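In case you want the letters, here they are:
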Amino acid sequence: MPPILEVNNLVKRYRTVTAVDGISFAIPRGICFGLLGPNGAGKTTALEVIEGIIPPTEGEILFNGTPKTEAFQQEIGIQFQHTSLLNFMTVRETLLIFQRLYQAPESIERLAEICNLGEILDKMNDRISGGQAQRLMLALALVNRPKLLFLDEPSAGLDPQARRYLWDIIRGIKNEGRTIVLTTHFMDEAEYLCDEIAIMDHGRVISRGAPAELVNRYCAGVTISLPRASVRTPLAELPFSHREVNGRLEITTDRVDAGLAQLLALKVDLAEMTVHSPNLEDVFLHLTGRKLRE
Ligand code: ATP
């Protein structure tokens, strides 16, 4: 079976700006694929070109192995980064209006169940919380029962609790067998939701793989950090490589248990020790010298 979506050498240029600079990837069916990158990396533009909202400057997009046709728009679901809801309508009325756009839409009951909208169906749109509004947007993207769903920064602006709640709903949607393509500049969101990610910067894909794979590829080992003062042994005599950063000693090791055993043998006070496992933020820093969010 061909990948559900394949993008080859996609380019989008605005007058002087090359927003997307020749990206290529294939997305297998049933996974959550993330485009991760800082603001301005080109994620939204890439998504909008793939969705057919704006035309590409160059490149090819295949859906189920063949170039997209007009039917593509009917078969995908899109949650835009910014959507305005009409204030004078209830959540149920909003869903009903979207249902009328399609021949065989999902039922309101099912949409409410998937996105947990049951208790707010009869509330006015301007009386629901940010998290509830995002869940309504997600339900609107699901009205036509899409097999492929695009989510642009789905949890932007939400508090941590509402984000986690939304993430679990998105996971549930994926577990129903749908393919999800999402953009995010939240490293934790990509780690929690995505089976595969493409890291974008300056319009290009700078690395691709499963989150854990990328971390192992670029940033193996954990970092043990201790106040400098807690180590009495002269630094030159320490049996492991280390560096001093802002009054703390950082030791990077592949084996945290062996590292700790060595520290204990040196009678180091571990009371203020921290252990940092590398994540996608470290991968981005390694690849670009910058943080994802600055
Ligand atoms: P964010 O996380 O902030 O949404 P992004 O990674 O989605 O960022 P894009 O919004 O795709 O990035 O923008 C990529 C680049 O293209 C930016 O430099 C942006 O200013 C530029 N750009 C986007 N849309 C247009 C446009 N309509 N005209 C000109 N330049 C644009």
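Going along each chain's sequence as written, the residues are numbered from 1 onward. Local features are withheld for residues below a pLDDT of 70 in this predicted model, meaning they are given only at 70 or higher, and side-chain atom pairs are given and counted only at 80 or more; totals for whole chains, interfaces and linings count all residues. Calculated side-chain values reflect all of the structure's heavy atoms, with hydrogen atoms and water omitted.

1. A word on the domain arrangement of the chain
Moving on, step 1. Along its sequence, the chain is organised into domain 1 (5–216) and domain 2 (221–277).
Moving on, step 2. Computed from C-alpha atoms alone, the centre-to-centre distance between domain 1 and domain 2 is 43 Å. Segmentation into domains, and thus their bounds, comes from an automatic or database assignment.

2. With respect to the sheet that holds strand 2 (residues 18–27)
Within a sheet, adjacent strands bond to each other through the backbone by hydrogen bonds, running parallel or antiparallel.
Moving on, step 1. Pairing between strands is defined by DSSP: at least two bridges between the two strands are required. Strands are runs of DSSP state E lasting at least 2 residues, helices are runs of H or I lasting at least 4, and numbering of each runs from the N terminus. Read from one edge to the other, the open sheet built from four strands follows the order 2-1-4-5, with strand pairing classed as antiparallel. The open sheet terminates on both sides in strands that have one partner only, identified here as strand 2 and strand 5 (66–67).
Moving on, step 2. With two bridges connecting them, strand 4 (residues 58–63) and strand 5 associate as antiparallel partners. Across the sheet, residue phenylalanine 63 finds its bridge partner in strand 5, namely threonine 66.
Moving on, step 3. Residues are treated as being in contact if the distance between any of their heavy atoms lies within 4.5 Å. All axes are obtained by fitting lines to C-alpha atoms, using only the stretch in contact for helices, and the reported angles, taken between N-to-C directions, cover 0 to 180 degrees. Across the sheet, helix 1 (residues 43–51) touches strand 1 (5–13), strand 2 and strand 4, and the angle it forms with strand 1 is around 120°.

3. Digging into the packing of aromatic side chains
Moving on, step 1. Any two rings among Phe, Tyr and Trp, with Trp reduced to its six-membered ring, count as a pair given centres within 6.5 Å; such a pair is stacked if its planes are under 30 degrees apart, edge-to-face if over 60, and tilted if neither. Enumeration over the complete set of coordinates arrives at three aromatic pairs.
Moving on, step 2. Ring geometry for phenylalanine 25 and phenylalanine 33: centres 4.8 Å apart, planes at 35°, overall tilted. For the pair formed by phenylalanine 25 and phenylalanine 33, the shared burial category is buried.
Moving on, step 3. Charge-over-ring contacts are defined here by two conditions on Lys NZ or Arg CZ: a distance within 6 Å of the ring centre and an angle within 35 degrees of the ring normal. The residue whose ring lies beneath arginine 163 is phenylalanine 186, and the NZ or CZ to ring-centre distance is 4.2 Å.
Moving on, step 4. The side chain of arginine 171 reaches across the aromatic face of tyrosine 192, ending 4.0 Å from its centre. Whether a residue is buried, partly exposed or exposed follows from its accessible area with a 1.4 Å probe, protein chains only, as a fraction of its type maximum: under 20%, in between, or over 50%, in that order.

4. Side note on the sheet that holds strand 13 (residues 248–253)
Moving on, step 1. With antiparallel pairing, four strands are arranged side by side in an open sheet as 12-13-11-14. Here the strands that pair on one side only, and so sit at the sheet edges, are strand 12 (242–245) and strand 14 (274–276). On average, adjacent strands in this sheet sit at an angle of 25° to one another, irrespective of strand direction.
Moving on, step 2. The strands touched by helix 9 (residues 256–265) within the sheet are strand 11 (222–227), strand 13 and strand 14, with strand 11 carrying the most contacts at an inclination of about 25°.

5. Overview of the site of the ligand
Moving on, step 1. Around the ligand sit 14 residues, and of these Asn39, Gly40, Lys43, Thr44 and Thr45 come closest.
Moving on, step 2. Between the ligand and the protein, one listed contact pairs an oxygen atom with a side-chain N or O atom of lysine 43 at 2.9 Å.
Moving on, step 3. Separating an oxygen atom of the ligand from a side-chain N or O atom of glutamate 153 is a distance of 3.2 Å.
Moving on, step 4. Its free accessible area being 630 Å², the ligand has 61% of it covered by the protein chains.
Moving on, step 5. Here the element with the most residues in the shell around the ligand is helix 1; it accounts for three residues.
Moving on, step 6. Residues are grouped as follows: Ala, Val, Leu, Ile, Met, Phe, Trp, Tyr, Cys and Pro are nonpolar; Asp, Glu, Lys and Arg are charged; all remaining types, including Gly, are polar. Looking at the shell around the ligand residue by residue, the classes come out as five nonpolar, seven polar and two charged. Distances are taken per atom, and a residue is near a molecule or strand as soon as one of its heavy atoms is within 4 Å of it. Any N or O atom pair separated by 3.5 Å or less is treated as a polar contact, with the protein-specific requirement of one donor-capable and one acceptor-capable atom, and with residues adjacent in sequence counted only for side-chain atom pairs. All accessibility values rest on the Shrake-Rupley procedure with a 1.4 Å probe; residue burial counts only the protein chains present in the view.

6. Thoughts on unusual backbone geometry
Moving on, step 1. Here the phi dihedral of asparagine 64 falls at roughly 50°; this positive angle occurs in a residue that is not glycine.
Moving on, step 2. Among the structural elements, asparagine 64 can be located in the loop between strand 4 and strand 5.
Moving on, step 3. Given a relative accessible area of 32%, asparagine 64 falls into the partly exposed group.
Moving on, step 4. If you check the backbone angles, histidine 202 has positive phi at about 50° while not being a glycine.
Moving on, step 5. Relative to the helices and strands, histidine 202 is located in the loop between strand 9 (196–201) and strand 10 (204–209).

7. Let's talk about the environment of isoleucine 23
Moving on, step 1. Take isoleucine 23: it is sitting in strand 2.
Moving on, step 2. Overall, the relative accessible area of 0% leaves isoleucine 23 in the buried class.
Moving on, step 3. For the pair isoleucine 23 and threonine 252, spaced 229 residues apart in the sequence, the C-alpha separation amounts to 34 Å.

8. Topic: the pairing of strand 12
Moving on, step 1. Inspection of the sheet shows strand 12 paired to strand 13 by four bridges, in the antiparallel sense. What sits directly across from glutamate 244, in strand 13, is leucine 249.
Moving on, step 2. Counting the residues that bridge the hairpin from strand 12 to strand 13 gives two residues, and of these asparagine 246 lies at a positive phi of roughly 50°.

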